[in-house]
Amino acid sequence: MAIMNMVQALNSAMDVLLSRDPDVLIFGEDVGYFGGVFRVTEGLQKRHGLTRCFDTPIGEAGIVAMGIGMAAYGLRPIIEIQFADYIYPAYDQIVSEAARLRYRSGGDFTAPITVRTPYGGGIFGGQTHSQSPEALFTHVAGLKTVIPSNPYDAKGLLISAVECDDPVIFLEPKRLYNGPFNGHHDRPVQPWSAHPASQVPDGHYVVPLGQAAIVRPGEAVTVLAYGAMVHVAMAAAQDSEIDAEVIDLRTLIPLDIETITASVRKTGRCVIVHEATRTSGFGAELSALVQEHCFHHLEAPIERVAGWDTPYPHAFEWDYFPGPARVTAALRRAMEG
Amino acid sequence: MAIMNMVQALNSAMDVLLSRDPDVLIFGEDVGYFGGVFRVTEGLQKRHGLTRCFDTPIGEAGIVAMGIGMAAYGLRPIIEIQFADYIYPAYDQIVSEAARLRYRSGGDFTAPITVRTPYGGGIFGGQTHSQSPEALFTHVAGLKTVIPSNPYDAKGLLISAVECDDPVIFLEPKRLYNGPFNGHHDRPVQPWSAHPASQVPDGHYVVPLGQAAIVRPGEAVTVLAYGAMVHVAMAAAQDSEIDAEVIDLRTLIPLDIETITASVRKTGRCVIVHEATRTSGFGAELSALVQEHCFHHLEAPIERVAGWDTPYPHAFEWDYFPGPARVTAALRRAMEG
Amino acid sequence: MKNSLPLSLHIPQPAARPGQEPDFSSVAVPPAGALPRPEIDVEPADIHAFAYGLIRVLDEDGQAVGAWNPRLAPQALREGLRAMMLTRAYDEGMYRVQRQGKISFYVKSTGEEAVAVAQAMALDREDMGFPTYRQQGLLIARGYPLPLMMGQVYSNQGDPLKGRQLPSMYSSKAYGFFSISGNLGTQFSQAVGWAMASAYRGDTRLAAAWIGDGATAEADFHHALTFASVYRAPVVLNIVNNQWAISSFQGIAGGERTTFAARAIGYGLPALRVDGNDFLAVHAATTWAAERARANLGATVIELFTYRAEGHSTSDDPSRYRPASEASRWPFGDPIERLSRHLIALGEWSEDQQADLKAEVEGLVKQTQRQVEALPPLNGPEGSLEPMFTEVYQDMPWHLARQRQEAEG
Amino acid sequence: MKNSLPLSLHIPQPAARPGQEPDFSSVAVPPAGALPRPEIDVEPADIHAFAYGLIRVLDEDGQAVGAWNPRLAPQALREGLRAMMLTRAYDEGMYRVQRQGKISFYVKSTGEEAVAVAQAMALDREDMGFPTYRQQGLLIARGYPLPLMMGQVYSNQGDPLKGRQLPSMYSSKAYGFFSISGNLGTQFSQAVGWAMASAYRGDTRLAAAWIGDGATAEADFHHALTFASVYRAPVVLNIVNNQWAISSFQGIAGGERTTFAARAIGYGLPALRVDGNDFLAVHAATTWAAERARANLGATVIELFTYRAEGHSTSDDPSRYRPASEASRWPFGDPIERLSRHLIALGEWSEDQQADLKAEVEGLVKQTQRQVEALPPLNGPEGSLEPMFTEVYQDMPWHLARQRQEAEG
Ligand SMILES: Cc1ncc(C[n+]2csc(CCOP(=O)(O)OP(=O)(O)O)c2C)c(N)n1
Ligand SMILES: Cc1ncc(C[n+]2csc(CCOP(=O)(O)OP(=O)(O)O)c2C)c(N)n1
Ligand SMILES: [Mg+2]
Ligand SMILES: [Mg+2]
């Protein structure tokens with residue numbers, strides 16, 4: 001057990017995986033000698049060797065294709081895409097190939113790749129370093145989509161993702177890498193060490209895919225969130241003094257529908273929060289599911305708090321980022337509505 | 001005025017556009033001499049010249065990039081992607097470039113491209129000739145997404161799309177190209193000539209983007225559909241003898257929210273139908289919107305009828321395709337629920 | 001600096017369209033045996049000429065000549081001939097049943113049989129192929145059971161892929177045949193990854209991949225060559241230039257001013273351009289590339305120069321965009337006829353044997369067809385909807401289980 | 001055929017890492033003036049050697065020698081020198097303010113100023129550039145107002161892009177500078193489309209595009225070359241090989257066994273490889289390519305061989321992955337020093353003038369900086385949220401109008 005921030009926890013997960021299984025290898029842009037632009041793979045090449053963690057050409061489709069070929073051979077590649085904003089060139093390989101391979105080959109070939117990529121805003125990255133593309137993957141049958149919100153989960157979920165025989169899109173909220181940011185950009189950021197989930201076992205453990213976590217029990221309203229928005233939701237619950245139950249989804253596909261419906265049936269109210277643009281975001285699916293499963297329990301319209309339907313504009317970082325004020329307002333509306 | 005099927009109506013739209021505006025040009029795989037694998041551009045090269053309608057290399061990202069460059073210059077390209085299933089290689093150019101150009105350049109450059117592509121099932125095309133990827137575009141700020149369901153709309157909407165200064169994804173339900181198919185694969189298909197919307201003016205006219213059509217007025221339940229599913233919904237309304245109001249959305253983004261909410265406020269019930277996989281499909285957004293706008297009018301859970309969350313399996317064409325039986329069942333549930 | 005000459009846009013055009021005489025005058029036909037065979041450890045930069053020439057072994061008289069003659073045993077030649085003929089008979093049988101409406105779609109490889117068959121034979125049985133939809137000859141040459149192939153095409157209970165794929169999109173790990181994707185090009189770069197995995201593990205198996213002239217314009221082609229060059233992947237990268245994509249000729253794919261083999265040069269990879277209708281030349285070039293890869297010298301690009309003698313698929317009618325007689329005027333003849341002539345010239349074969357073999361393979365196809373056609377459909381009364389929902393994931397998640405319930409309702 | 005040698009995986013490594021001596025021994029330094037200047041209508045196949053050589057004009061003594069000497073007037077040389085020096089001063093000023101926390105991000109072009117400046121001067125003012133984030137010199141050479149450039153970087157009310165883009169991602173149609181994308185490579189193939197549009201219209205304007213060595217691995221690079229070749233697009237396709245992507249050296253991009261210029265060969269396009277730190281050579285090669293394009297002879301690929309003397313961006317620390325002294329050991333010197341020396345050798349410049357010019361451009365940067373820094377933020381009390389919601393579409397749809405309302409509270 002050690003205190004780790006999210007970068008360290010992810011690094012530890014990969015270190016454990018590389019040590020346990022010679023079929024695990026890591027590649028991506030700048031991940032080798034340098035250790036990645038966010039330092040997540042730091043030291044892994046040195047510790048495990050040149051062919052276990054290495055740099056790639058800057059061609060995301062080629063990187064993922066290489067991973068699919070390796071996975072079809074029998075390896076278990078961990079692929080880093082430097083920013084989620086740069087995953088689109090690889091979209092065809094992910095959607096048409098990785099996601100379909102098991103099905104279309106009748107189970108003959110599989111593509112157990114894990115695609116790690118930092119996503120989300122809060123770093124003044126402008127429109128090409130801030131995007132949240134999760135809904136583009138949740139729509140694709142054959143993919144699993146995972147988003148951790150703290151170091152403990154990050155490590156346990158990443159190990160699960162790599163050990164899972166399906167292709168997994170593993171989105172890392174980059175704003176959380178170094179601290180549990182809650183969206184109050186004008187208040188000091190807490191270090192991870194002040195958060196209980198920074199206590200991370202050194203060795204192997206898993207957080208299973210498909211299980212949400214109730215990170216704040218409550219009776220008045222259910223908040224569904226993931227990634228950095230979990231911390232924003234927590235801040236809003238505190239700010240608003242509303243007895244919100246905050247659920248950290250952790251895995252979007254497969255979704256933990258039971259935890260969600262149990263909570264909404266109890267509270268009768270639901271607020272969904274994500275950073276991605278609102279229209280056709282994953283919040284839409286959550287809203288549809290909640291209404292399908294809990295219609296007769298709902299006492300107010302389900303609220304969505306999300307990124308505006310615009311590109312992420314550099315100078316308006318904090319006007320765009322869905323912060324605690326917007327979530328608080330939604331909680332209030334849900335309580336009144 | 002002439003009787004046209006959908007292929008002819010689309011061809012007529014492009015013929016009109018090419019004739020009126022020297023800046024309009026058409027390109028894509030096999031669209032030139034051959035006239036396209038679905039014959040939609042037949043005769044256009046011969047009539048308008050080699051540089052107005054021509055073949056491209058098989059590189060969808062390159063094709064769209066070429067269109068963006070041309071549009072930035074000041075032309076108005078119509079791009080055919082041979083099947084919607086093959087649009088993914090161009091996804092980055094569409095999402096990161098066409099959709100963002102006006103915004104990121106402060107209005108300095110624009111990308112008024114129209115990307116036409118046949119989509120949807122019902123032709124035993126297997127998983128790579130049957131997909132419905134509309135939700136992957138509706139999530140992207142800066143794009144408009146249009147789907148006609150009949151010859152008259154197809155021509156009028158395509159002219160609007162090309163004349164619009166924003167990039168438009170124009171999805172053509174390929175199962176409807178030659179007849180208004182209603183999903184009863186075991187009954188004879190009607191020719192378009194038997195349908196009133198096959199009466200198509202020869203010259204220029206528009207069907208404006210952003211306006212839905214009530215194709216069947218009703219009082220009991222609202223059905224939201226687009227593309228081939230409009231005809232399936234009509235068949236289900238008839239089969240079920242439920243007084244359904246069927247709305248053909250025609251444009252997904254921007255959505256005609258007023259027509260939708262007026263209808264659901266009236267009926268208190270809503271069934272959404274699409275071919276795309278259910279999870280995170282555009283039906284999720286519709287469901288979320290309807291519940292947000294009409295919560296207090298809803299008398300039953302909103303129903304979604306959609307493609308299963310699997311690839312489109314060749315031998316199971318009619319088990320996968322959401323036909324009238326499934327819509328009828330959903331209508332019944334909506335009436336009871 | 002600037003002049004006032006208006007710019008103009010060039011759109012490539014094929015030499016002939018329907019109604020015109022086929023015209024192959026711009027296609028050079030170099031003599032067989034003219035090119036030397038470089039050592040496998042040659043510097044790619046020293047053999048640029050091979051990207052523009054054409055490796056040919058079989059001459060006009062059916063003799064095998066020159067340094068590239070692979071000197072195969074007559075028995076191997078007869079096996080190759082049989083596999084090519086069985087492929088052709090199979091293609092014709094499946095085309096017919098498509099026309100009868102018994103299957104939805106089919107893709108023939110007529111005229112290109114030497115590519116898949118000779119390459120399958122030149123590679124090791126353990127090497128993994130990443131084919132397109134036009135390399136059914138790989139499966140046939142490796143002895144994949146014909147009933148399984150046909151089962152896939154019939155999409156019925158004989159289908160090892162459970163009805164999930166369009167006919168012709170086979171998959172068989174056991175026979176070293178990677179699952180075909182309907183999306184062009186995607187497998188080309190995957191093959192490089194597979195080969196890298198083999199190298200990573202210190203294995204001895206190679207990958208071989210195929211792509212059409214048209215599909216070389218896809219991104220995956222560029223990624224395959226880039227990654228293969230960077231990591232010296234043990235892979236054979238084959239471009240089947242059959243002159244046509246669907247209706248667009250190879251000039252639209254970028255072949256008007258250069259060859260497809262030449263693409264390799266810019267990546268520092270060696271390129272061989274081969275008469276694709278010459279069984280011996282294809283075998284020899286593939287062997288060279290495989291030897292090079294096995295010696296840890298990395299990838300080779302081979303352009304197989306051939307002609308798509310029939311429609312693109314059963315959905316296509318080539319007489320709409322090219323002269324109907326073009327195929328018969330292809331200057332490099334037919335691969336089956338050429339190999340048969342060679343065997344006869346060697347005194348190892350006869351016209352009678354040729355006729356017998358034709359009858360045998362056609363009979364085999366017919367008989368297998370009857371057998372497979374008798375199998376029930378997947379979703380008929382004896383079938384189930386299960387294969388629609390399984391294997392999307394390793395384990396079925398709740399939402400799919402629910403949808404399955406609804407479907408089986 | 002098969003042997004039992006285990007395969008092994010090759011991972012390219014740079015010549016030196018931190019703590020080691022910089023090592024450029026594998027970089028050939030051919031003498032200036034050695035290569036002939038072919039006619040612009042040369043067959044691409046006849047000039048393969050230019051993809052592997054290096055066009056150089058300025059020799060060790062600051063003399064311009066050989067067939068590629070563009071014989072520019074001294075006034076033009078002084079203008080070029082000033083634009084390069086202003087670019088460098090601007091870069092240094094913006095780097096400093098980033099370090100002071102006044103802006104979020106910045107990208108310098110130090111050491112590569114000759115690329116953008118000489119190319120801007122060799123092209124026509126009406127030609128459209130499709131740059132990456134490291135060609136700010138294009139704007140400066142074309143006289144784009146410095147306050148607008150800085151406004152973009154400060155992302156405040158002086159920003160013509162309304163705060164929407166990361167600093168350094170300029171756009172100016174009026175100055176022939178296409179909107180920079182954060183996504184690598186995408187603009188390279190768009191430039192080909194723009195050039196095709198110009199040809200389609202019978203216009204006379206060319207497009208010119210830039211891409212980094214690292215980004216040549218992107219699909220867009222392949223599409224650009226393919227489409228440019230097929231349609232003979234009037235475009236100049238520039239690869240800026242500055243030896244590094246972020247932390248990965250050009251060997252990871254596929255430069256270990258060949259040059260980047262050589263990529264052109266496979267597409268039938270002419271390639272020129274140029275000393276990118278030689279203002280005259282860059283100007284001359286660009287002029288050649290532009291003349292060729294204007295004569296409807298199509299695209300040229302130019303590799304500009306240079307060195308990224310500083311970090312990738314302000315987010316980067318190059319001492320983590322390469323020897324700190326590598327930049328100073330680059331065998332081709334510094335472009336500003338070399339051009340200045342040449343002017344002095346010509347008797348058209350002096351050390352004093354050089355010092356004065358340096359002071360002038362640095363003063364200009366400081367003064368502009370003070371002016372731009374004083375402008376209010378976009379979303380402060382005097383600002384508005386409007387630019388966040390406008391120009392997503394030409395007209396604002398209802399859902400955005402509603403979101404704007406909500407945002408403005
Ligand atoms: C990504 C993608 N784009 C387009 C298509 C449609 N398509 C199928 S085959 C084909 C032509 C391919 O030509 P070529 O690569 O020369 O192969 P050939 O059919 O001649 O063997 C096209 C355009 C596709 N399957 N995938
Ligand atoms: C599609 C995409 N992938 C990755 C990145 C992240 N990235 C930004 S710059 C860079 C290195 C580019 O190197 P190079 O092309 O050589 O250009 P240079 O910075 O040296 O001028 C990378 C990997 C990106 N911006 N876009
Ligand atoms: Mg072909
Ligand atoms: Mg670089």
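How each quantity is defined
Along each chain, the written sequence defines residue order, and numbers are assigned to residues from 1. As a convention, the first chain written is A and the first ligand written is 1, with the rest following in written order. Local features in a predicted model are, by the rule used here, given only for residues with pLDDT of at least 70; side-chain atom pairs are given and counted only at 80 or more, and totals for whole chains, interfaces and linings are based on all residues. Computation of side-chain values covers all heavy atoms of the structure but excludes hydrogens and water. Consider each residue's heavy atoms; a residue with any of them within 4 Å of a molecule or strand counts as near. Counting of polar contacts relies on pairs of N or O atoms within 3.5 Å, with two restrictions inside protein: one atom must be capable of donating a hydrogen and the other of accepting it, and residues adjacent in sequence are counted only when both atoms are side-chain atoms. Using a 1.4 Å probe, accessible areas were evaluated by the Shrake-Rupley method; residue-level cover was limited to the displayed protein chains. All residues other than Ala, Val, Leu, Ile, Met, Phe, Trp, Tyr, Cys, Pro, Asp, Glu, Lys and Arg, Gly among them, are scored as polar; the first ten of these are nonpolar and the last four charged. Shown as donors are all N, O and S atoms within 2.8 Å of a metal ion, widened to 3.2 Å for Na, K and Ca; because water is not in the atom set, sites may appear incomplete. Classification of residues uses two cut-offs on accessible area relative to the type maximum, computed with a 1.4 Å probe and protein chains only: under 20% is buried, over 50% is exposed, and between them is partly exposed. Being paired, for any two strands, means DSSP has found at least two bridges between them. Helix and strand labels come from DSSP, where a helix needs a run of H or I of at least four residues and a strand needs a run of E of at least two; each type is numbered from the N terminus. Fitted lines through C-alpha atoms give the axes, limited to the stretch in contact for helices. The angle between two N-to-C directions lies from 0 to 180 degrees. By the convention used here, residues are in contact when the closest approach between their heavy atoms is within 4.5 Å. When two parts are put together, the accessible area they lose, computed with a 1.4 Å probe and summed over both, is reported as buried area. The term salt bridge refers to a side-chain nitrogen of Lys or Arg lying within 4 Å of a carboxyl oxygen of Asp or Glu.

## Things to note about the site of ligand 2
Near ligand 2 lie 20 residues; those nearest to it are E60(A), Y133(D), R134(D), D213(D) and W244(D). In this structure, ligand 2 is bordered by residues of chains A and D. One nitrogen or oxygen atom from the side chain of D213(D) is found 2.7 Å from an oxygen atom belonging to ligand 2. Protein chains bury 96% of the 580 Å² of accessible surface belonging to ligand 2 in isolation. In terms of residue class, the shell around ligand 2 is built from eight nonpolar, seven polar and five charged.

## Quick word on the coordination of the magnesium ion (ligand 3)
The coordination sphere of the magnesium ion (ligand 3), as far as protein atoms go, consists of D213(C) (OD), N242(C) (OD1) and W244(C) (O), spread over 2.0 to 2.1 Å. Its relative accessible area of 5% is what places N242(C) among the buried residues.

## Topic: the sheet that holds strand 2 (residues 207-212) of chain C
All names here are of chain C. Taken together, the five strands give an open sheet; going across it, the order is 1-2-3-5-4, and neighbouring strands pair in parallel fashion. On the outer flanks of this sheet lie strand 1 (128-130) and strand 4 (271-275), each paired with one strand and no other. When strand polarity is set aside, the average angle formed by the axes of neighbouring strands in this sheet is 20°. Here strand 1 runs beside strand 2; their pairing, made up of three bridges, is parallel. Within strand 2, the position partnered with G129 by the bridge is A208. The sheet strands contacting helix 6 (residues 219-231) are strand 2, strand 3 (235-241) and strand 5 (300-305), and the helix crosses strand 3 at an angle near 150°.

## Here's the deal with the interface of chain A and chain C
Of the residues lining the interface, 49 residues belong to chain A; the matching set on chain C comes to 44 residues. Summing both partners gives a buried area of about 3,700 Å² for chain A against chain C, and 60% of it is carried by carbon and sulfur. By the criterion of area lost to chain C, the three top residues of chain A are Y73(A), Y103(A) and R104(A), representing 23% of everything that side buries. Remark: the boundary between chain A and chain C carries one salt bridge. The salt bridge involving R201(C) is made with D23(A); its shortest N-O contact spans 2.9 Å. Our enumeration of links across chain A and chain C arrives at 26 residue pairs in polar contact (both at pLDDT 80 or more). Elements with a minimum of two residues in the side of chain A that touches chain C: strand 2 (24-28), strand 3 (53-55), helix 3 (60-73), helix 4 (91-98), helix 5 (101-104) and helix 10 (282-294) of chain A. Take the side of chain A that touches chain C: its biggest share by element is 10 residues, from helix 3 of chain A. Classifying every residue of the side of chain A that touches chain C by side-chain character gives 25 nonpolar, 13 polar and 11 charged.

## Concerning the coordination of the magnesium ion (ligand 4)
Residue and element names in this part refer to chain D. Summarising the metal site, the magnesium ion (ligand 4) is bound by the protein donors D213 (OD), N242 (OD1) and W244 (O), whose distances to it range over 2.0 to 2.1 Å. For the magnesium ion (ligand 4), the donor residues sit on a single chain with the sequence spacing D-x28-N-x1-W. Remark: N242 occurs in the loop between strand 3 (235-241) and helix 7 (251-255) and D213 occurs in the loop between strand 2 (207-212) and helix 6 (219-231); sequence separation between them is 29 residues. Like N242, D213 is buried.

## Comments concerning the pattern of salt bridges
Overall, the coordinates contain 82 salt bridges over all chains when judged by the stated rule. With a shortest N-O distance of 3.9 Å, E219(B) and K266(B) are connected by a salt bridge. Here the residue E219(B) occupies a position in the loop between strand 9 (213-216) and strand 10 (221-225), and K266(B) occupies one in helix 9 (residues 257-267), the gap between them amounting to 47 residues. On the basis of relative accessible area, K266(B) is assigned to the partly exposed category, the value being 39%. Among the charged side chains, a network of salt bridges with common partners joins R278(A), R304(A), E285(B) and E292(B).

## Structural notes on the site of ligand 1
Around ligand 1 lies a shell of 20 residues, among which E60(B), Y133(C), R134(C), G182(C) and D213(C) are the nearest. L184(C) is positioned with one of its backbone polar atoms (N or O) 3.1 Å from a nitrogen atom of ligand 1. Within the side chain of D213(C), an N or O atom sits 2.6 Å from an oxygen atom of ligand 1. For ligand 1, whose accessible area on its own is 590 Å², the fraction buried by protein is 96%. The class makeup of the residues in the shell around ligand 1 is eight nonpolar, seven polar and five charged.

## Things to note about the environment of Q135(C)
All names here are of chain C. Looking at where Q135 falls in the secondary structure, it is placed in the loop between strand 1 and helix 3 (136-141). Classification of Q135 by relative accessible area gives buried; the value is 2%. When residues no more than four places from it in sequence are discounted, the contact partners of Q135 are A116, F177, W210 and V240.

## Overview of the interface of chain C and chain D
Contacts between the two partners involve 61 residues from chain C, matched on the other side by 61 residues from chain D. Carbon and sulfur atoms supply 58% of the area buried between chain C and chain D, which totals about 5,200 Å² over both sides. Applying the counting criterion to the chain C and chain D interface returns two salt bridges. The partner of E256(C) in a salt bridge is R232(D), and the shortest N-O contact between them spans 3.6 Å. For the interface between chain C and chain D, the tally reads 16 residue pairs in polar contact (both at pLDDT 80 or more). Mapped onto the side of chain C that touches chain D, the elements with two or more residues apiece are helix 5 (186-200), helix 6, helix 7 (251-255) and helix 8 (279-294) of chain C. Broken down by element, the side of chain C that touches chain D gets its largest block of residues, eight residues, from helix 6 of chain C. Here the side of chain C that touches chain D is composed, by residue class, of 28 nonpolar, 21 polar and 12 charged.

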